[in-house]
Amino acid sequence: MKIAVCVSGLIRDKHKRNIGAVKKAFPDADFFYATWKEYKNETSEKYGCSYYPEPQMHYNPWCECINDNPHPKYHAYKKDFINKTGQSRQTKLLHATKQIIGHAYQVAELPEEYDMIVRTRWDTIVGDRVDFSHYLNTAYEHDMAIGFAIRGGRWIHLEKFKDIEHVYITQTTDQAWSRDWAWWLNDNLIIHPRKIFDTENVHKLHEEKKLWPAEYGWYQVLSKDDNHHCVYGGAALDRFARA
């Protein structure tokens, strides 16, 4: 197993702390950094970033995908976004697939010897006392993607893991069951074997207006026959993590 940690997206204020925490969590990995070429600056140069063109959005992934994700929350989000804006093309909703496209650019250019990928963001913080070894080995041995996040109301503990049950949910499923596995992949940090990620398919889905947004899109491109796994804890966007 040769691990590449791929950091991508927009560089945020707490990037030094966040990158330091990820380096501590994955001490045997090599790190690769990327951002959009339109945001090239002194900080990105210091990290030796790779630069990719920010995608031009020709559809709203929340409201205009050719096919809808079957998750009940997806339909609720879509209805809410359309009703609130009065139109589907609201600028802030257009960015939700860009993180997936950026990762596709980055993985496609990695040296061939890297067979295990840890995808993270500049604004992702990981726990100081968590050990990802079990999940690295599980993802590697079973050719599966494993996604991490915290979720207010269900799990806010960065330093503890909680495996999410594999339950297909409907509108009537008891609220005791998590909604964060079916047709969904937690995306604050993702571990996946390189070979299960078809980078060309990501671009194809984007061009055909079929790439779903955010966690739904990560599920779409990294889960085969629903063999993915989701975990609470371990990683979170820094604005949601408790100090």
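Going by the structure above, here's the rest.
Residues numbered from 1 in each chain as written. Predicted model: local features only at pLDDT ≥ 70, side-chain atom pairs only at ≥ 80, totals over all residues. Heavy atoms only, no water.

**Quick word on the overall build of the protein**
Here is step 1: For the protein, the helix and strand inventory stands at 7 helices and 10 strands.
Here is step 2: Projecting the C-alpha coordinates of the protein onto the three principal axes gives extents of approximately 45 × 40 × 35 Å.
Here is step 3: Counting across all 243 residues of the protein, residues that qualify as buried make up 54%.
Here is step 4: Contacts in the protein between residues far apart in sequence, at least 24 positions, make up 79% of those at least 6 positions apart. (Helix = DSSP H or I, 4+ residues; strand = E, 2+ residues; numbered from the N terminus. Buried < 20%, exposed > 50% of the residue type's maximum accessible area, 1.4 Å probe, protein only. Contact = heavy atoms within 4.5 Å.)

**Remarks on the side chain of His 71**
Here is step 1: With respect to the secondary-structure elements, His 71 resides in the loop between strand S3 (50-52) and helix H3 (72-85).
Here is step 2: Of note is the side chain of His 71, whose polar atom sits 3.0 Å from the backbone nitrogen of Lys 73.
Here is step 3: Residue contacts for His 71: discarding those within four places in its chain leaves Ile 169, Arg 179, Ala 182, Trp 183, Trp 184 and Tyr 216. (Polar contact = N/O pair within 3.5 Å; in protein donor to acceptor, adjacent residues only side chain to side chain.)

**Things to note about unusual backbone geometry**
Here is step 1: Look at Asp 143: it is not a glycine, yet its phi comes out positive at around 50°.
Here is step 2: Here Asp 143 is to be found in the loop between helix H5 (133-142) and strand S6 (146-149).

**Side note on helix H7 (residues 214-222)**
Here is step 1: Burial analysis of H7 places 8 of its 9 residues in the buried class, which makes it a mostly covered element.
Here is step 2: Every buried residue of H7 is accounted for by Ala 214, Glu 215, Tyr 216, Gly 217, Trp 218, Tyr 219, Val 221 and Leu 222.

**Quick word on the packing of helix H4 (residues 98-108) against H7**
Here is step 1: Two elements in contact, H4 and H7, have axes whose closest approach is 9 Å; the angle formed by their N-to-C orientations is 40°. On the basis of the axis angle, H4 is oblique to H7. Contact residues: Gln 99, Ile 100 and His 103 in H4; Ala 214, Gly 217, Trp 218 and Val 221 in H7.
Here is step 2: Here the contact of H4 with H7 is built from residues that sort into 4 nonpolar, 3 polar and no charged. (Axes fitted to C-alpha atoms, helices over the stretch in contact; angles between N-to-C directions. Parallel < 35°, antiparallel > 145°, perpendicular 65-115°, else oblique. Nonpolar A, V, L, I, M, F, W, Y, C, P; charged D, E, K, R; others polar.)

**Regarding the side chain of Gln 106**
Here is step 1: Along the chain, Gln 106 turns up in helix H4.
Here is step 2: Among the residues examined, Gln 106 registers a relative accessible area of 3% and is labelled buried.
Here is step 3: Side-chain polar atoms of Gln 106 contact the backbone oxygen of Val 7, separated by 3.4 Å.
Here is step 4: For Gln 106, the side chain forms a polar contact with the main-chain oxygen of Phe 32, separated by 3.1 Å.
Here is step 5: Those residues in contact with Gln 106 that lie beyond four places of it in its chain are Cys 6, Val 7, Ser 8, Phe 32, Tyr 33, Ala 34 and Tyr 52.

**What to know about the nonpolar core**
Nonpolar side chains tend to gather and get buried jointly when the protein is soluble and globular.
Here is step 1: Judged by nonpolar contacts, the single largest core of 42 residues is most densely connected at Leu 185, Val 202, Leu 211, Val 221 and Leu 222.
Here is step 2: Within the residue set of this core, elements represented by two or more residues are strand S1 (3-8), H4, helix H6 (199-207), H7 and strand S9 (229-232).
Here is step 3: Looking at this core element by element, the count peaks at 6 residues for H7.
Here is step 4: Other than its neighbours up to four places away in sequence, Val 221 contacts Ile 100, Ile 196, Phe 197, Val 202, Leu 205 and Leu 211.
Here is step 5: Counting 34 residues, the second largest nonpolar core, distinct from the first, contains Tyr 47, Met 116, Trp 122 and Val 231. (Core = buried A, V, L, I, M, F, W, Y, C linked by side-chain atoms within 4.5 Å.)

**Quick look at the packing of aromatic side chains**
Here is step 1: The tally for this structure, following the rule as stated, stands at 17 aromatic pairs.
Here is step 2: A centroid spacing of 5.0 Å and a plane angle of 75° characterise the contact between Tyr 47 and Trp 122, whose relative ring orientation is edge-to-face. Of this pair, Tyr 47 sits in the loop between helix H2 (42-46) and S3 while Trp 122 sits in the loop between strand S4 (116-121) and strand S5 (124-126); the two residues are 75 residues apart in sequence, bridging distant segments of the chain.
Here is step 3: Centre to centre, the rings of Phe 148 and Phe 161 are 5.8 Å apart; their planes meet at 55°, and the pair counts as tilted. Placement of the pair is Phe 148 in strand S6 and Phe 161 in the loop between S6 and strand S7 (162-163), with a sequence separation of 13 residues.
Here is step 4: Taken together, the aromatic side chains of Phe 26, Phe 132, Tyr 135, Phe 148 and Phe 161 make up a single cluster linked through ring pairs.
Here is step 5: Geometry around Phe 31 places Lys 23 over its ring, the cationic atom sitting 5.7 Å from the centre. (Phe/Tyr/Trp six-rings, centres within 6.5 Å; stacked < 30°, edge-to-face > 60°. Lys NZ or Arg CZ within 6 Å of the ring centre and 35° of its normal.)

**What to know about H5**
Here is step 1: When we look at burial in H5, the residues that qualify are Tyr 135, Leu 136, Thr 138 and Ala 139. One side of H5 carries all its buried residues, which in axial view fall inside an arc of 165°. Facing away from the buried side of H5 by over 90 degrees, the exposed positions are His 134 and Glu 141.
Here is step 2: Where H5 is buried, its residues contact S1, S4, S6, S7, strand S8 (189-193) and S9. (Arc of directions from axis to C-beta.)

**What to know about the pattern of salt bridges**
Here is step 1: Tallied over the full model, the rule gives 10 salt bridges.
Here is step 2: Between Asp 143 and Lys 195 there is a salt bridge, with its nearest N and O atoms 3.4 Å apart. Of this pair, Asp 143 sits in the loop between H5 and S6 while Lys 195 sits in the loop between S8 and H6, and the two are 52 residues apart along the sequence.
Here is step 3: Taking the relative accessible area as the measure of exposure, Asp 143 reaches 29% and is therefore partly exposed.
Here is step 4: According to the relative accessible area criterion, Lys 195 is exposed, its value standing at 66%.
Here is step 5: Notably, a salt bridge pairs Asp 180 with Arg 151, separated by 3.0 Å at the nearest N-O pair. In this pair, Asp 180 sits in the loop between S7 and S8 while Arg 151 sits in the loop between S6 and S7, placing the two residues 29 residues apart along the sequence.
Here is step 6: Linked by salt bridges that have partners in common, Lys 73, Arg 151 and Asp 180 make up one network. (Salt bridge = Lys/Arg side-chain N within 4 Å of Asp/Glu carboxyl O.)

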